[in-house]
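Chain residues, written in single-letter form:
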Amino acid sequence: MAAAVGGCRAPLPAWWGLLLGVLLAAGSEGRAGPGRARCEAAAPSAAPVRARVPRSRVTGSVLRCGGRCFVPPTPLRRGWVCSAGSCQGNSVERKIYIPLNKTAPCVRLLNATHQIGCQSSISGDTGVIHVVEKEEDLNWVLADGPHPPYMVLLDGSLFNRRVLQQLKGTSRVSGLAVAIAKPSPPQGFSPGLKCPNDGFGVYSKDYGPQFAHCNKTVWNPVGSGLSYEDFDFPIFLLEDANETQVIKQCYQDHNVPRDGSGPEYPLCAMQLFSHMHAVTSTVTCMRRSSLQSTFSINPEVVCDPLLDYNVWSTLQPINSSGKVDPEKEVIIVATRIDSHSFFWNIAPGAESAVSSFVTHLAAAEALHKASDVHLLQRNIMFTFFQGETFDYIGSSRMVYDMEKDKFPLRLDNIHSFVELNQVALRNDSVLWMHTDPVSRMNESVDVQVRNLLDILGSSSLGANVTLQEAGFSQPLPPSSFQRFLRARHIPGVVLTDHRTAFQNRYYQSMYDTPENIRMQYPEGLSPEETLEFVTDTAKSLAEVATVVARALYRLAGGANTTSAIQADPRTVSRMLYGFLIKMNNSWFQSIIKPDIKGILGDVPQHYVAVSSPVNTTYLVQYVLANLTGTVVNFTKEECLNPEKSPNSETEMYDYAWVQGSLDPNSTSRVPYCVRSTVHLSKALSPAFELRQWGSTEYSTWTESRWKEIRARIFLVASRELEIITLVVGIAILVFSLLATYFINAKADVLFSIPRDPGAVAY
């Protein structure tokens, strides 16, 4: 094995690097498989019990190796040079490997019937790198190349089902690294299903069979289903263009065929580690985990349910630990706050989630500013469901809790249901109102639905948004409302920017980014100026929020004019920036608790995950509290222990001591206490509470555990040279042992002290 990385000093001779590399790899498995690295991402705190590092820690640019910090190298012609400040240490491993720090793996997920995702072998998968930038380049990997297996560096524009099916069907491929396509593929890219959450909505053979399985409307026509395939080799996303260029440079220097013949050793290779512990299905992995927990002293859990918390609040405070009076009617406004893509924790969800819940938050703020909300005859509940991407985890749990009297509301309290679902990509400023044609066959339900449609339609008069009915024969799109309809016929409307198929060409994809919803900023703005800049997208979503807020006011029995109810575009712009571009901004810093400020990573992602609450849930909770709550004159002690204060009504309100903004005259913050009606409720599928891991009624999605996720590149020598080096190393070892033995045996002769001649006696 040749030394692959130039150091801050002159590189070692090739033969010395080979010998050291062989000794380092002595215990590893597989062809040219290097030993396990001792580097781990530098983190501010220990990893959780799941033995994984949160995404914000994995994507950093500094590795800690043997107590020293290592900055990833930059390419320089045929070699690499260390960045400034990285000249400390003399690790052999650093002279051989280049770690790839900004990567995202495809991981294994499981449900009641099967497994999806990717994994490597237990010792990592290694292959010679081959760059594929056009489909013709696949021929070298699949047939012509003389040095299989190959690790394919795939251009993002070729990351599609057709190409992956070719790579999946051969043993000549050991793994795949995908470079993000820039700009996004113009034809669209969605690794999700054509019929999202099929089988877990309301339509089935017993309820609207003509609409089941998307028979009437294929909602996501560009969906390839890649996210729901199972791959037996690792697939990583390369997030950093600089690291991608390092790999390509290594490929150009060592792997490109010369003069029509194959490249000569040493060759540039890559190793990917992403071994998954769970296999087969949720039923299998949960049973194994349960048996381990029951009979083992040190149980090893192999998978965890996808879970988090729903966020909810009410316009008028209710007793969160009691029950709402049966005669009290409540209007539910709902949206989802999670998204997904092919790669773990890469879920920007700009159109599929963020545009909707930001609009929802803006509508909640506008309603709370109305002067007579405490007089409305109907209450309004603002609900943000988590885990909806995975067969409606959050909404199914809330319905279950309502049915089992584990939630303050019952299903009978629900007057009507309004859901926001993908609202940013409107054509001609039209929003479509979708209703359920099956429940509307009931005359009383149809009357209520028509009243709901009339109020929504009239509330858009004079606004830059037009609301139109999608059609009586059109089924509901994939939505949380469907889970409520499974339990009870409830009048409801789902608002979307699409009448039939999704406008979003990047649904559940890494390309569902701010650019997808046309967020644009002038060049040269500072982060603070960007936070405050009101984009056209923000203005557009504020219009939608205004229409929704006015309609909800009238639906709740409001009698006054609605012209004063107005969503704030500046607030919408701040939220879009925070949830899509940079979470760690001054506004978010000011509205969260000091003890959770570590959640503010740079790049927002909205994957539901298995540890809770996730960043998105926390931030939605505190943004909602900030927009709808009241600042109260409590000390820190009173705010943290409100039950000790008179008239705090802790069963009605939640209290939070938040950081506050920076004092203009110092570097310290001015904290304060916020009182709100914001609460969290479990978003864990009932299937796991009921231990029905094979359920077809509830979501059964779990995520496999793993030991390590990492990637690295290095140079690999020919098999012949490796064998020669190994033999030479063994010969040197045997010679050293023999020499040591004989030297030790003759030590009394070789190392005896000569006698002093003057000390001889006669």
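Throughout, a residue's number is its position along its own chain's written sequence, starting from 1. Whole-chain, interface and lining totals are the exception, using all residues; otherwise, since this is a predicted model, local features are given only for residues with pLDDT of at least 70 and side-chain atom pairs are given and counted only at 80 or more. Excluding hydrogens and water, the side-chain values take into account all heavy atoms of the structure.

Draft legend 1. Structural context of the sheet that holds strand β25 (residues 672–676). One requirement defines pairing of two strands: DSSP has to find at least two bridges between them. Under the DSSP-based scheme used, a helix requires at least four consecutive residues in state H or I and a strand at least two consecutive residues in state E, with every element numbered from the N terminus. Read across the sheet, 3 strands follow the order β23-β25-β24 without closing on themselves; strand pairing throughout is antiparallel. Pairing within the sheet leaves two strands with one partner each, and these edge strands are β23 (630–632) and β24 (654–658). Taken over all neighbouring pairs, the strand axes of this sheet differ in orientation by 35° on average, direction set aside. In the sheet, β24 pairs with β25 via 5 bridges, with the strands oriented antiparallel. Opposite Tyr 655, over in β25, you have Arg 675 as the bridge partner. Every axis corresponds to a line fitted to the C-alpha atoms, with the helix fit spanning only the stretch in contact, and the corresponding angles, defined between N-to-C directions, vary from 0 to 180 degrees.

Draft legend 2. Spatial organisation of helix α10 (residues 443–459). By this rule, a helix spans an expected 1.5 Å times one less than how many residues it contains. Over its 17 residues, α10 runs 24 Å from end to end, which matches the ideal 24 Å to within 8%, given 1.5 Å per residue. Burial here depends on accessible area, computed with a 1.4 Å probe over protein chains only, as a share of the maximum for the residue type. Under 20% is buried, over 50% is exposed, and the range in between is partly exposed. Buried within α10 are the following residues: Val 445, Asp 446, Val 449, Leu 452, Leu 453, Ile 455, Leu 456 and Ser 459.

Draft legend 3. Region of the structure containing the packing of aromatic side chains. Working definition: rings of Phe, Tyr and Trp (its six-membered ring) pair if their centres are within 6.5 Å, and the pair is stacked with planes under 30 degrees apart, edge-to-face with planes over 60 apart, and tilted otherwise. Counted under the stated rule, the structure contains 28 aromatic pairs. Ring centres of Tyr 228 and Trp 701 lie 6.1 Å apart, and the angle between their planes is 65°; this geometry places the pair in the edge-to-face category. One end of the pair, Tyr 228, is in the loop between β12 (173–179) and β13 (235–238); the other, Trp 701, is in the loop between α18 (686–689) and β27 (702–704), and 473 residues separate them in sequence. Judged by its relative accessible area of 4%, Trp 701 is buried. Taking the centre distance of 6.1 Å and the plane angle of 45° together, the rings of Phe 385 and Phe 484 count as tilted. Taken as a pair, Phe 385 in strand β18 (residues 379–385) and Phe 484 in helix α11 (residues 481–487) lie far apart in primary sequence, 99 residues in all. Both residues of the pair, Phe 385 and Phe 484, belong to the buried class. Through a chain of ring-to-ring contacts, three or more aromatic side chains come together here, namely Phe 159, Phe 189, Phe 231, Phe 233, Phe 342, Phe 343, Tyr 506 and Tyr 511. Working rule: Lys NZ or Arg CZ, within 6 Å of ring centre, within 35 degrees of ring normal, means a charge sits over the ring. The ring centre of Tyr 97 lies 3.9 Å from the NZ or CZ of Arg 712, which sits over that ring.

Draft legend 4. Summary view of the packing of helix α8 (residues 350–368) against helix α16 (residues 615–628). Across the interface, α8 lies against α16 with an axial gap of 9 Å and an inter-helix angle of 20°. The orientation of α8 relative to α16 falls into the category roughly parallel. Read as a crossing pair, α8 and α16 show a hand that is right-handed. From α8, Phe 357, Leu 361, Ala 364, Glu 365 and His 368 reach across to α16, where they touch Thr 616, Val 620, Val 623, Leu 624, Leu 627 and Thr 628. Here roughly perpendicular refers to angles of 65 to 115 degrees, roughly parallel to angles under 35, roughly antiparallel to angles over 145, and oblique to all remaining angles. By convention the crossing between two helices is left-handed if the near helix lies anticlockwise of the far one by an angle smaller than a right angle, and right-handed if it lies clockwise. Note on contacts: a residue pair is in contact if any heavy atoms of the two residues lie within 4.5 Å.

Draft legend 5. Representation of unusual backbone geometry in the model. The linkage connecting Pro 148 with the following residue, Pro 149, adopts the cis geometry, with an omega of 0°. By secondary structure assignment, the location of Pro 149 is in the loop between α4 (138–144) and β11 (150–155). A cis geometry characterises the amide bond from Tyr 265 onward to Pro 266, with omega recorded as 0°. Here Pro 266 is to be found in the loop between α6 (241–254) and β14 (267–273). Unlike most non-glycine residues, Tyr 392 shows phi in positive territory, near 60°. By the element assignment, Tyr 392 lies in the loop between β18 and α9 (393–403).

Draft legend 6. Main features of the confidence of the model for the protein. The predicted model of the protein has a mean per-residue pLDDT of 87, with 87% of residues at 70 or higher. pLDDT under 50 marks residues 1–89. Its contacts with residues more than four places away, or in other chains, come to 178 contacts. Here pLDDT means the predictor's own confidence in every residue, given as a number from 0 to 100.

Draft legend 7. Region of the structure containing a nonpolar patch on the surface. Note on patches: the residues involved have over 30% relative accessible area and no salt bridge, like charges join within 9 Å, and the nonpolar side chains Val, Leu, Ile, Met, Phe, Trp and Tyr join within 5 Å. Per-residue and other accessible areas follow the Shrake-Rupley method at a 1.4 Å probe size, with only the shown protein chains counted as cover for residues. A carboxyl oxygen of Asp or Glu within 4 Å of a side-chain nitrogen of Lys or Arg is what we treat as a salt bridge. A surface patch of nonpolar side chains, amounting to about 600 Å² of accessible area, comprises Leu 726, Ile 730, Val 734, Leu 738, Tyr 741 and Phe 742. Along the chain, the position of Phe 742 falls in helix α19 (residues 719–745).

Draft legend 8. Summary view of the nonpolar core. Membership of the largest hydrophobic core comes to 83 residues, with the highest contact counts inside it found for Phe 357, Leu 576 and Phe 579. A per-element tally of this core places helix α13 (residues 536–555) first, with 12 residues. Side-chain atoms within 4.5 Å are what join buried Ala, Val, Leu, Ile, Met, Phe, Trp, Tyr and Cys residues into a set we call a nonpolar core.

Draft legend 9. Quick look at the state of the cysteines. Cysteine sulfur atoms are paired as a disulfide whenever they come within 2.5 Å of each other. Under the defined criterion, the tally for this structure stands at 5 disulfides. Across the disulfide from Cys 250 sits Cys 268; the S-S distance is 1.9 Å. The sign of the S-S torsion, about 115°, decides the handedness of the disulfide formed by Cys 250 and Cys 268: right-handed. With Cys 250 in helix α6 and Cys 268 in strand β14, the pair connects residues that are 18 residues apart, well separated along the chain. Just as Cys 250 is buried, Cys 268 falls in that class too. Here Cys 639 is linked by a disulfide to Cys 673, with a sulfur-sulfur distance of 2.1 Å. Taking the sign of the torsion about the S-S bond as the criterion, the disulfide between Cys 639 and Cys 673, at about 80°, is right-handed. On the criterion of sequence distance, the pair formed by Cys 639 in helix α17 (residues 636–640) and Cys 673 in strand β25 is long-range, its members being 34 residues apart. Residue Cys 639 shares its accessibility class with Cys 673, and that shared class is buried.

Draft legend 10. Geometry of the pairing of strand β28 (residues 710–716). For β28, the tally of buried residues reaches 7 of 7 residues, placing the bulk of the element in the interior. With burial as the criterion, each face of β28 is covered, one bearing Arg 710, Arg 712, Phe 714 and Val 716 and the other bearing Ala 711, Ile 713 and Leu 715. Of the pairings in the sheet, the one linking strand β6 (residues 98–100) to β28 comprises 3 bridges and is antiparallel in character. Within the sheet, the bridge partner assigned to Ile 98 lies in β28 and is Ile 713.

Draft legend 11. Highlighting α16. Look at α16: 20 Å from first C-alpha to last across 14 residues, which is about the 20 Å you get at 1.5 Å a residue. Burial analysis of α16 places 12 of its 14 residues in the buried class, which makes it a mostly covered element.

Draft legend 12. Examining the pairing of strand β20 (residues 430–434) more closely. Extensive coverage of β20 is indicated by the burial of 5 of its 5 residues. Classification remark: right-handed applies to a crossover when, strands pointing away from the viewer, the course from the first strand over the helix to the second runs clockwise. The β-α-β motif built from β20, the intervening α10 and the parallel element strand β21 (residues 466–469) has right-handed crossover chirality. Where β20 lies against strand β22 (residues 492–496), 3 bridges are found, and the strand directions are antiparallel. Its bridge partner lying in β22, Met 433 is registered against Leu 495.

Draft legend 13. Structural view of the pattern of salt bridges. The final tally for this structure, using the stated rule, is 24 salt bridges. With a shortest N-O distance of 3.4 Å, Glu 133 and Lys 248 are connected by a salt bridge. Taken together, the residues Glu 133 in the loop between β10 (125–132) and α4 and Lys 248 in helix α6 connect sequence positions 115 residues apart. Glu 133 gets classed as partly exposed once you look at its relative accessible area, which sits at 46%. Where Arg 440 meets Glu 469, a salt bridge forms, and the shortest distance between an N and an O atom there is 2.9 Å. With Arg 440 in the loop between β20 and α10 and Glu 469 in strand β21, this pair connects stretches of sequence that are 29 residues apart. On the basis of relative accessible area, Glu 469 is assigned to the partly exposed category, the value being 31%. Among the charged side chains, a network of salt bridges with common partners joins Arg 397, Asp 401, Lys 406 and Glu 689.

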